[in-house]
Amino acid sequence: FSLQHLGMKKAILLIIDGLGDLPTPKTPLQAAKKPNFDKLAKGGASGLLAPVGRYIVPGSDVAHLSILGYDPHKYYNGRGPLEALGLGMELRDGDVAFRANFATIEGDTITDRRAGRIDTQTASKLASELSTKLSNNVEAIFKNSNEHRGVLVLRGSGLSEQVSATDPHGDMKLHPCQPLAENAVKTAKAVDEF
């Protein structure tokens, strides 16, 4: 099947994620040596896109869904399921999937949210030890992806995705997972136990 048969030309869409930055005095992209990108830009079309709406800075997951034609308000179920499917993990009805990071913790303080950006091989060794049975008949299935990144899938009856994130972002303290709905207490406890 050829797109040219329909009068369409072939195209390559490059989504250069994470380059939105303020100039100080140049953006990192302006300051970088990038002859291949420059060549592509001269021979094609380039520009900026507000995939969700003007002045809304979405996460990569939401932006990519929108760019590919999916309304994130309708189709977005969180980053965890996208990451799990990208890793070829089987998701069943009732599973709750979380995008996860390896992190470095000292006491109750997270000293590095990316564990020094450990290499994928080391992360794979660590991940092989993390899948386990938790209390309340919940199975924790963990798989790493690239470097410090991974996915945690909780499997069991009565789980809910209505729980808080545990990423501290600013204060770097280890925060317990909070249920955001009455039916999410079991899930929050499983996240904390894991």
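All values reported here derive from a predicted model rather than from experimental measurement. (Residues numbered from 1 in each chain as written. Predicted model: local features only at pLDDT ≥ 70, side-chain atom pairs only at ≥ 80, totals over all residues. Heavy atoms only, no water.)

S.K.: If you had to explain the nonpolar core to someone new, which residues and values would you point to?
M.R.: One finds F98, F102 and L154 to be the most contacted residues of the largest nonpolar core, which totals 21 residues. Breaking this core down by element, the ones donating at least two residues are β1 (96-101), α6 (120-127), β5 (138-144), β6 (149-155) and α7 (185-193). Ignoring any residue separated from it by four or fewer positions in sequence, one finds L154 in contact with G94, D95, V96, F98, L134, V138, E139, A140, L159, T187, A190 and V191. Residues A84, M89, V151 and V153 belong to the second largest nonpolar core, which totals 6 residues. (Core = buried A, V, L, I, M, F, W, Y, C linked by side-chain atoms within 4.5 Å. Buried < 20%, exposed > 50% of the residue type's maximum accessible area, 1.4 Å probe, protein only. Helix = DSSP H or I, 4+ residues; strand = E, 2+ residues; numbered from the N terminus. Contact = heavy atoms within 4.5 Å.)

S.K.: Residue-level account of the pattern of salt bridges, with values.
M.R.: Oppositely charged side chains can form a pair if their charged atoms are brought close together. Tallied over the full model, the rule gives 8 salt bridges. The partner of D167 in a salt bridge is R113, and the shortest N-O contact between them spans 2.7 Å. A residue pair is termed long-range when its members are at least 10 positions apart, and D167 in the loop between β6 and α7 and R113 in the loop between β3 (109-112) and α6 qualify at 54 residues. Classification of D167 by relative accessible area gives partly exposed; the value is 33%. A salt bridge links E147 to R149; the nearest nitrogen and oxygen atoms lie 3.5 Å apart. Classification of E147 by relative accessible area gives partly exposed; the value is 28%. On the accessibility criterion, R149 (24% relative accessible area) is partly exposed. Each of the salt bridges in this network shares a partner with another, and the network as a whole consists of R79, E83 and R99. (Salt bridge = Lys/Arg side-chain N within 4 Å of Asp/Glu carboxyl O.)

S.K.: Go over the packing of aromatic side chains, please, and point to the residues and values.
M.R.: Scanning all chains against the criterion turns up 3 aromatic pairs. On the basis of an interplanar angle of 80° and a centroid distance of 5.5 Å, the ring pair of Y70 and Y75 is categorised as edge-to-face. Overall, Y70 belongs to the partly exposed group, its relative accessible area being 44%. Three or more aromatic residues joined by ring pairs form one cluster here, namely F102, F142 and F194. (Phe/Tyr/Trp six-rings, centres within 6.5 Å; stacked < 30°, edge-to-face > 60°.)

S.K.: I'd like a description of a nonpolar patch on the surface, backed by residues and values.
M.R.: A cluster of nonpolar side chains, I12, L14, I16, L19, L29, F37 and L40, forms an exposed patch at the surface whose accessible area comes to about 660 Å². Along the chain, F37 turns up in helix α2 (residues 35-43). (Patch = residues over 30% accessible without salt bridge, like charges linked within 9 Å, V, L, I, M, F, W, Y side chains within 5 Å. Areas by Shrake-Rupley, 256 points an atom, 1.4 Å probe, with all protein chains shown as cover.)

S.K.: Residue-level account of the side chain of R113, with values.
M.R.: A distance of 2.7 Å separates a polar atom in the side chain of R113 from a polar atom in the side chain of D167. Residues contacting R113, with those up to four places away along its chain left out, are N101, F102, A103, D167, H169 and M172. (Polar contact = N/O pair within 3.5 Å; in protein donor to acceptor, adjacent residues only side chain to side chain.)

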